[in-house]
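Residue strings, one per chain:
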Amino acid sequence: MSSNFFAMVNRMKLIDRWALMRNTSKENIAEHSHSVAVIAHALALIGNKKFGKKYDAERACLLALYHDTTEVITGDMPTPVKYYNDNIKNVYKDVEHRAGERLLAMLPEEFRADYAPLFEKQEEDEELWKLVKAADKISALIKCIEEMRMGNLEFNKALEAQERIIDNIPLDEVRYFKDNFLDAYYLTLDEHTK
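The structure contained in this document is the topic of the report that follows. Predicted, not measured: the structure shown is a model, and the values here were computed from it.

Each value, and the rule that gives it
Residues numbered from 1 in each chain as written. Predicted model: local features only at pLDDT ≥ 70, side-chain atom pairs only at ≥ 80, totals over all residues. Heavy atoms only, no water. Helix = DSSP H or I, 4+ residues; strand = E, 2+ residues; numbered from the N terminus. Expected span 1.5 Å × (residues − 1). Salt bridge = Lys/Arg side-chain N within 4 Å of Asp/Glu carboxyl O. Buried < 20%, exposed > 50% of the residue type's maximum accessible area, 1.4 Å probe, protein only. Axes fitted to C-alpha atoms, helices over the stretch in contact; angles between N-to-C directions. Parallel < 35°, antiparallel > 145°, perpendicular 65-115°, else oblique. Contact = heavy atoms within 4.5 Å. Nonpolar A, V, L, I, M, F, W, Y, C, P; charged D, E, K, R; others polar.

**Section: helix H8 (residues 126-149)**
1) Next: The terminal C-alpha atoms of H8 lie 35 Å apart, and with 24 residues this matches the ideal 34 Å at 1.5 Å per residue to within 8%.
2) Next: Looking one or two residues beyond H8, the residue adopting positive phi is Gly 151, at roughly 85 degrees.

The following block contains the structure:
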């Protein structure tokens, strides 16, 4: 029996983000998930090395890598729509849950328990999911920075909103990342290599 799970996961590259906005450079959910995984891993390491935490950095990376996988079924719902009100937010969470169940059902039975925590949040991963959510917001900010650097004023308000969101995330790891790594995203290639 053939399984469709990995072929569906591979379709993440077909789902574009920021669909309601003019983009100078398209971003799909596969690219975004990679960015979030890199940042979540960094946040976990920062927490461990700088703030005495005991995060499983590799687990944070894995959760981030799969955090938007259900969108191969649901598509990428723009944030202003997804969070417009509690009714829409709750319905969308149910849709995401059902999409996760559908993806898990595509796996052979013996692998489902291994992948289930990537789609159904487990209590033991609660702190890691906070890092993933923060990494998701940082990744969105980076996208806004990139678009603004290319002169795309369409992202002006989004950039301001994302900067406020990052400033209000109550995690030491996020503040450290912001203070030590975020400014580099505003630089040109030539400025990076000086």
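**Notes on the pattern of salt bridges**
1) Next: Using the criterion set out here, one finds 12 salt bridges in the structure.
2) Next: Residue Glu 27 is joined to Arg 17 by a salt bridge in which the shortest nitrogen-to-oxygen separation is 3.1 Å. Taken together, the positions of Glu 27 in the loop between helix H1 (5-10) and helix H2 (29-51) and Arg 17 in the loop between H1 and H2 put the pair 10 residues apart, joining distant regions of the chain. The residues Glu 27 and Arg 17 share a single accessibility class, namely buried.
3) Next: A salt bridge links Arg 98 to Asp 94; its shortest N-O distance comes to 2.9 Å. Here Arg 98 and its partner Asp 94 are both found in helix H6 (residues 86-105), four residues apart, which amounts to about one turn of the helix.

**Topic: the packing of helix H3 (residues 57-66) against helix H7 (residues 109-119)**
1) Next: The interhelical angle for the contact between H3 and H7, taken along N-to-C directions, is 80 degrees, at an axis separation of 9 Å. In terms of orientation, H3 and H7 fall into the roughly perpendicular class. Of H7, the residues touching H3 (which contributes Arg 59, Leu 62, Leu 63 and Tyr 66) are Tyr 115, Pro 117, Leu 118 and Phe 119.
2) Next: Residues belonging to the contact of H3 with H7 are distributed by class as follows: seven nonpolar, no polar and one charged.

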